[in-house]
Amino acid sequence: MKTKSVLKGLKITAISIFCLLLNFSLMAQNAKQVTGTVTDGDGQPLPGATVVEKGTANGTVTNIDGNYTVSVPEDATLVISFVGMLPQEFAVAGKTSINAQLKSDVIGLEEVVAIGYGTQKKADLTGAVSTVGGEQLVKGATPNLTASLAGKVTGVTAMSRTGKPGSEDVDFFIRGKSTFDDGDNAPLVLVDGIERGMNRLNPNDIESVTILKDAASAAIYGVKGANGVILITTKRAKEGQAEITYTGNFGVQTPLYLPDRMSSYEYATHLNEAIYNTAQLSGGDYVPLYSDEQIAGYKDGTGTNTDWWEESFDDSTPIQTHNITISNGSNKVRYLTSFEYLDQDGMYDLSSYKRYNIRANIDGDITKDLSMSLNIAGRLDNRSQSADENFGMINQSYPTFEPYIDIEGNQELHWNGLNASPIGYINESGYNRNKSAVFQSSLSFNYNVPFIEGMSAKYTYAFDRENYQRKEFKTPYTFYTGPDPVADRKQSIPEIELTQRFTERTRKTGQFTLNYNKDFGDHSIGALFVFEHSDYYNEWLEGYRDGFISDALDQMFAGSTARVSNDGSANENKRLGYAARINYNYKDKYLVQANTRYDKSFNFPKDNAGGWFPAFSAAWRISQEDFMADVSWLSNLKLRAAFGIYGNDRISPYQYLSLFGFSSTRGNPSGTITGDGYQQAVNPGVIPNPDVTWETAKNYNLGLDYGFFDGKLSGEFEVFKKRTEDLLIARKDIPLEVGASLAPYNVGIVDNRGFETALRYRNTFNEFTMSLEGTLTYATSEIIEMSEAANVPDALKQTGRPFNSRYGYVSDGLFKDENDVTSSPDQSYFGDYQVGDIKYKDISGPDGVPDGKIDGNDRTYIGRGGMPELVFGFNTYFEYKGFELTANFQGGSRYTHRYKPSPFVNNSNGPDAFTDAWTEENQDTWLPRSYQGNSSNNDADSDYWLTDAWFLKLRNAEFAYTLPKLNVLDKAGIDVLRLSVSGSNLLGFSNIDFWDPEASDMGTHPWYYMQMRTVNFGVQVTF
Amino acid sequence: MKKLNILFLIAIATFVFTGCGDDYLESEPLNKISSAAVFESEGYTEAFLYDIYSYMPNGFGWETTGHKARGYGRRSFLDCTTDLVANKSGYVEAWHIVNAGQTPNNAREFGNWNENYKAIYECNTLIQGVDESSLSESSAMQMMKTEARFLRAFFYFDLVRRYGGVPLITDVPDISDPEALYIARSTAEEVYNFIDTEFEAVAAVLPYAKEMGEAGMQWGRICKEAVWGFHGRMLLHAERFAESAAMSKKVIDAVESGASDRELADDYRLLFLSKGDQKEVLFEILFDGVNKGGTVDNFSRPPSNRGSWGGQHNPTEDLVASYEMISGLPATPENGFDPHDPYTDRDPRLDQTVIRHGTTFFGRTYDFAWVRDADNPNMWAPIKNTDAPHAQGLATITGYYLKKFMDPDATVGDFGFSTQSWIVLRLGEVYLNYAEAQNEANGPDQSVFDAVNVIRNRSNMPNLEVNYPNLDKAGMFERIKQERKVELAFEGHRYWDIRRWEIADEVCNGSVLIDPADPSKGGYMSCCYPLKQADGSVKYLTPSTMADVLEPGDVLQQDPYTNMRKVYKWDDKRYLMPIPQNAIDKNPALVQNPGY
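Residues numbered from 1 in each chain as written. Chains lettered and ligands numbered in written order. Predicted model: local features only at pLDDT ≥ 70, side-chain atom pairs only at ≥ 80, totals over all residues. Heavy atoms only, no water.

## Here we look at the pattern of salt bridges
Charged atoms that come close allow side chains of opposite charge to pair.
All names here are of chain B.
Moving on, step 1. Under the counting rule described, the total for this entry stands at 80 salt bridges over all chains.
Moving on, step 2. Between R494 and D83 there is a salt bridge whose closest N-O contact spans 2.9 Å. With R494 in helix α19 (residues 493-501) and D83 in the loop between α3 (42-53) and β2 (85-87), this residue pair connects regions lying 411 residues apart in the sequence.
Moving on, step 3. For R494, a relative accessible area of 7% corresponds to the buried category.
Moving on, step 4. In this structure D83 comes out as buried when scored by relative accessible area, which is 4%.
Moving on, step 5. In this structure, R456 engages E324 in a salt bridge whose closest nitrogen and oxygen atoms are separated by 3.0 Å. Here E324 lies in the loop between α13 (317-321) and α14 (348-353) and R456 lies in helix α16 (residues 446-458), a separation of 132 residues in the sequence.
Moving on, step 6. Via salt bridges that share partners, E280, E324, D347, R349, K404, R426, R456, R458, R479, E483, E487 and E491 belong to a single interconnected network. (Salt bridge = Lys/Arg side-chain N within 4 Å of Asp/Glu carboxyl O. Helix = DSSP H or I, 4+ residues; strand = E, 2+ residues; numbered from the N terminus. Buried < 20%, exposed > 50% of the residue type's maximum accessible area, 1.4 Å probe, protein only.)

As structure tokens, this is what we get:
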């Protein structure tokens, strides 16, 4: 009921605004002829500059000599502008001749940037908004767009966790994490205003990426805004001649950090040493695994020394992308079409990523006031890998085993000592393919209401359909554990298995916006009303068979029906929102903006489904004040302040209802077999939380934008604070004995604080242009309140600490000698230990005071989480006579990196760092004694394995040359020919030098596909 | 054109404001059903009951697909932490428990605290749901409620024998007041009393196995005689011997009178291949190898019968040595035991339980021989890559493989292909439970002899009286201990028997192999290597024959592929498991078991 009246209220408001605006009209005045010349900063005439009477459509364009003539009222104000220049205003005040020298807009104040449901001049922004132009995302591009954003804008923290072809595994946050793991910290991503993924877009299609960082700019997205919003705008055609651009890149990829394994000599020596250590600890006899003769053979090269990595993977692999963009436009119809093809090979044959992106953005004028836009984008992609891409197995393989063995004259796979052949895993275990087909469309109509100047209405309807297919065809491979063709023959898995899963997702969105922008003398008003609804439907179907006779046919029908099984389900969600925004601007000096959104989400019970998200912001352009007119070195100074509230509703829906679910029959069925066969089971869901609602974040933002020396030096500084309340948390105050899963409760409070700053220098000396930019973002979190277990000691409480803090034991170096072992607190909690093992500090006992024993009571906070609190970027650009050099550095610090390798488990190989492990002869080292197998003492979670890490990477760089206008090119119809060499991940600096500091925490063995270093050769031709 | 504009405006306004009415957000989950609907349908209630049944402990362990597998060991048999079995792999929890023991902060208590309480929550939910249902009077609903009460009592039994007294929760908890949920541990006695009352009540209502069909129940659910059997087992743990004997007697009487159709199986080995078809079984976890399946074949077969996982559960020489001669006397030389022909004239159950040198099974005869090394005649070594002890990474470390449970017809393959049931309760155990309880309560009367003899006779072993005509109570207890050790080997009972009898100090201490191939650690060596002599005969190297078999200067090849393990140092605190630390953290009323 409540909702209905609100809805009604909004309808009335909208209609009233309409009527009110109808009453405005314009008054005519006496006309006067004004002439003049417009020149640029160097005094050269500017043809094509716009001269208009302020507040009207009356105006003209300068001719080839920069001259103009215009007829305006005597008291009119002329606005003279040109793309890339700062506009100037002149009061006519009876003058008949007005000449203007325009200065170039180095800071981009006149640039129009995307904001929520609209655009705004950069100069008019009052919130915290960053933009990146599309041209910055195509230089040394990686296939994943998210990774390309890192370091280029402030406020964004991104960690690329892997280099797997087609992987989307980038941890990406705006101004740090503000909700618990159960929630979702990912920002809202909108492509052309519609919620869509960004990772696999064609970077050539992107006009700009805008990041809305504070509530003033993001609260218009209400309940989805609290993690920040990313607006991606795709390119559109302009009126003019046909333009065809081809861009091609041919690259070579190599792994950024290769895991250095021990050679067979190192391995055999140090494994024996580990066996010795284990024998010492357990009181057993030392029985070396490798004899002195064998070790001598490994040392002199006569023994086996297999580099399993080399045997399994290619050293370098190709990547290529091709893009064609065609745009054209008449005064009625404008279109831009593009086609992208990306082909990335992985480190081995079955690993690859292929992508096809196609797009058409069409704009047409239907009548004078009515126009339409149609965006159609399609994508096919295919990620492929082996069915068993077992990186850990490769690194553990014994280097003392040959990769191949001669069986009756054939080279067959030999085992690696661990009951497998990594080469078989990689090449012969079958495939796992993920295909997607994505169709995205939106049709909008824009109507400039003719009888109300400045008012326009727009309706957009969009539907997206995504189809995913996963096909996993697991095949056995044969390997030999010895020379006997029968007894030593092993098969990796007994049966050929096929699993296929089809998923279909549909999202439909409708948006209606009413926009009003009008200047009244010194006053400028903007108003926006938005109504939006969207629904999303997801369903999937999965099938499985095994018992295939051979791997010749990888289709479902070819499998046996003996163990056939299938599964499927569906879910949906719906949202409804109303938003409004009002801007007011006085003399371009004082800017005020208010916006609000009313959102309803069906994730929550009816009474809690709707709510308001208001935001206010204001800015003062100090540099526009009269008293600053004489300060010529200051070109821009703006102070911004904002406050707003936005939300986060990303939890599973229906947590307020008491529900039962069917457990899946594929993978993990939970039913019971009876005499009558399998009986399906249902089980209770969470104990519902009838009051569940969204998380609400209150955000304060204070910003300062500045520009000096005609904008040659510019930048901004922002401080922010965000308090997120009603955080949805799994309650920890409920005893385990309750036995039920619990719905999340709105019980937590988290503060995020930080600052961002950017400093840019851009200048041109004769024909040399340079641009330097540094960005810095610092974002911390502190848990103010959360549900803690009743008995948890203070040392382990999360309250008062940052997100994802690490907990464990505090190490105190390695035991130096027997005396050190006996005189230190007892560590037998972990089992036996000895000299050379990690010593821990006695923090506490059961009564809160040290008790001379190391046990569970001694765990405490040991360090920050794995996302950097401080991220920085350094971007440079140089141009001289067609030569361009671009370099983007990105780095992070104030995070911990956890790396705890343990070699010799099952006698496996390990990182070559372990050649430096503690021994009686090698006591001055950082690695404790190694053991054959795990050491529960040394393996305990402790700060010993944490590094306060930092890194700086040359994320992308490009060196390019654009050929001068030559006759030859002209004859071929080529307008632009640009050649480039570019790369990504070219250089890396870090205090962690043996491993990728960006990788996720690594356990025993590096189980992952490392990031790639890519070198590209590129060509761009424009006809 | 003007008209077009206006039409357009109207169209938009209509679409926007009527297209999404107030009911736009009205929706129901597409993949869930409301709790109320569950209990208004017998079918859904039954489906819920089947979820609870899937919490019943499956002793084959973790690598079983589709079963919640809460119960015994997670990745290996529970008996792998006893003197009966050695696990070779470092990743099984039995190996960790033996090495480092259980602590409140590691997961080595098998996760049973959480899982049992989850199951208890579901039982309480079902019981309450049936009570509040409009169908609550239906006999099917009442039967399901009865079954839920049995299951709840069973889960409490599983908790009390692991941890001692635990919080007793018999209603669906109200989470609005956390303080009220901080329930302290009841005493073990109180928990046993609760189980006693519940078992008594549900047994009165449940049908006999043969009447289950008439009651609309399928095999795989609980029947009357099974509850009596569990009741007898439970009272044995509670040391309420007279009551225990009476309860087991109910089962025996029902079987003998024909009221129950259960009967002892003829073939001891085939019994353990039950797929719901063995009349000796009172309650079992069934598998179909498709939706739910075990992996015991995959894990336990000798490597030559299996590609990847091989023999993980290795019976020890300790166990093999404890099988009697066919005469019923201990296997010692004075009773005719020949250490170099050790498997002749033994209790037939030995060859039905373990695969040893010379066994014919899976269509092959096994040769586990070690030979003198060609290069070093003083060195005994396995023939590489055979099934001989230590011959390869997957070979046995004790000289024996598991035969009990092994299904010659199994599809040996990936996880979850095995179809033999995990037998939770069988008649054979009930006889032995009766014998023990009755002996404790009344001494070795004839009924005690009869109960043990029934089990022995099935395997062609003579009556106890033949060799032990004058057993006193203590003497009979020793015979029962012996009988349970061999009859029930690997079925998960040895673990509890060791605790009930408090004999861990004697049988667990030092029972675990340090380096099984090293005879210098004779005291710990619990394996048997057949050494092939120059004349082709075989001499068996065991702890007791070592001195005779090895010639001066002989050495044994060391097995570099076996992780070295430490002696199992028993500590009496381990008679109870530690309560997991996160349970203690979340409930201030909980008190940890002593010593942890």
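## What about the nonpolar core?
Here is a general trend for soluble globular proteins: nonpolar side chains tend to be buried in one another's company.
Moving on, step 1. Counting 152 residues, the largest nonpolar core has W113, F150, F155, Y156, I195 and F283 of chain B as its most contacted members.
Moving on, step 2. Broken down by element, the residue count for this core peaks at 14 residues, all from helix α6 (residues 139-163) of chain B.
Moving on, step 3. Residues within four places of W113 of chain B in sequence aside, it is in contact with L736 and E737 of chain A together with L159, Y163, V166, P167, I579, P580, A583 and L590 of chain B.
Moving on, step 4. Among the nonpolar cores identified, the runner-up in size contains 62 residues, and A268, Y298, V821 and M1010 of chain A belong to it. (Core = buried A, V, L, I, M, F, W, Y, C linked by side-chain atoms within 4.5 Å. Contact = heavy atoms within 4.5 Å.)

## A closer look at the packing of helix α15 (residues 427-442) of chain B against α16 of chain B
Residues and elements named next belong to chain B.
Moving on, step 1. The contact between α15 and α16 brings their axes to 8 Å, and the two run at 155°. Relative to α16, the element α15 is oriented roughly antiparallel. α15 and α16 meet at a crossing whose hand is left-handed. Residue-level contacts link G428, Y431, L432, Y434, A435, Q438 and N439 of α15 to S447, V448, A451, V452, V454 and I455 of α16.
Moving on, step 2. Taken together, the residues of the contact of α15 with α16 sort by class into nine nonpolar, four polar and no charged. (Axes fitted to C-alpha atoms, helices over the stretch in contact; angles between N-to-C directions. Parallel < 35°, antiparallel > 145°, perpendicular 65-115°, else oblique. Left-handed = near helix turned anticlockwise from the far one by under 90°. Nonpolar A, V, L, I, M, F, W, Y, C, P; charged D, E, K, R; others polar.)

## A short note on the interface of chain B and chain A
Note: interface size is frequently given as the accessible area lost on complex formation between the parts.
Moving on, step 1. Contact with chain B, which involves 92 residues of that partner, is made by 101 residues of chain A.
Moving on, step 2. When chain B packs against chain A, close to 8600 Å² is buried across both sides, 62% of that on carbon and sulfur atoms.
Moving on, step 3. Taken together, chain B and chain A are joined by zero salt bridges.
Moving on, step 4. Connecting chain B to chain A are 17 residue pairs in polar contact (both at pLDDT 80 or more).
Moving on, step 5. Elements represented by at least two residues in the side of chain B that touches chain A include exactly α1 (2-19), β1 (32-34), α2 (35-39), α3, α5 (112-132), α7 (178-181) and α22 (581-586) of chain B.
Moving on, step 6. Top contributing element to the side of chain B that touches chain A by residue count: α1 of chain B, with nine residues.
Moving on, step 7. Here the side of chain B that touches chain A is composed, by residue class, of 47 nonpolar, 27 polar and 18 charged.
Moving on, step 8. Both strand β34 (residues 659-662) of chain A and β1 of chain B contribute to a ladder of three bridges, which runs antiparallel. (Buried area = accessible area lost by both parts, 1.4 Å probe. Polar contact = N/O pair within 3.5 Å; in protein donor to acceptor, adjacent residues only side chain to side chain. Pairing = 2+ DSSP bridges.)

## Some words on helix α18 (residues 473-487) of chain B
Moving on, step 1. The end-to-end C-alpha distance of α18 of chain B, which contains 15 residues, comes to 20 Å, matching closely the 21 Å that a straight helix rising 1.5 Å per residue would cover.
Moving on, step 2. In terms of burial, α18 of chain B is largely enclosed, as twelve of its 15 residues are buried. (Expected span 1.5 Å × (residues − 1).)

## Side note on helix α9 (residues 224-237) of chain B
Moving on, step 1. Over its 14 residues, α9 of chain B runs 20 Å from end to end, which matches the ideal 20 Å to within 8%, given 1.5 Å per residue.
Moving on, step 2. Positive backbone phi, at 60°, marks E239 of chain B, one or two positions downstream of α9 of chain B.

## Some remarks on the packing of aromatic side chains
Residue and element names in this part refer to chain A.
Moving on, step 1. Evaluation of the coordinates by the stated rule reveals 82 aromatic pairs over all chains.
Moving on, step 2. Judged by centre distance (6.2 Å) and plane angle (45°), the ring pair of W309 and F391 falls under tilted. Placement of W309 in helix α6 (residues 308-312) and of F391 in helix α7 (residues 391-396) is noted, with a sequence separation of 82 residues between them. The burial state of W309 is the same as that of F391; both residues are buried.
Moving on, step 3. When the centroid spacing of 6.1 Å and the interplanar angle of 20° are considered together, the rings of F883 and F959 count as stacked. With F883 in strand β47 (residues 883-898) and F959 in strand β48 (residues 946-962), the pair connects residues that are 76 residues apart, well separated along the chain.
Moving on, step 4. F883 sits in the partly exposed class, given a relative accessible area of 36%. (Phe/Tyr/Trp six-rings, centres within 6.5 Å; stacked < 30°, edge-to-face > 60°.)

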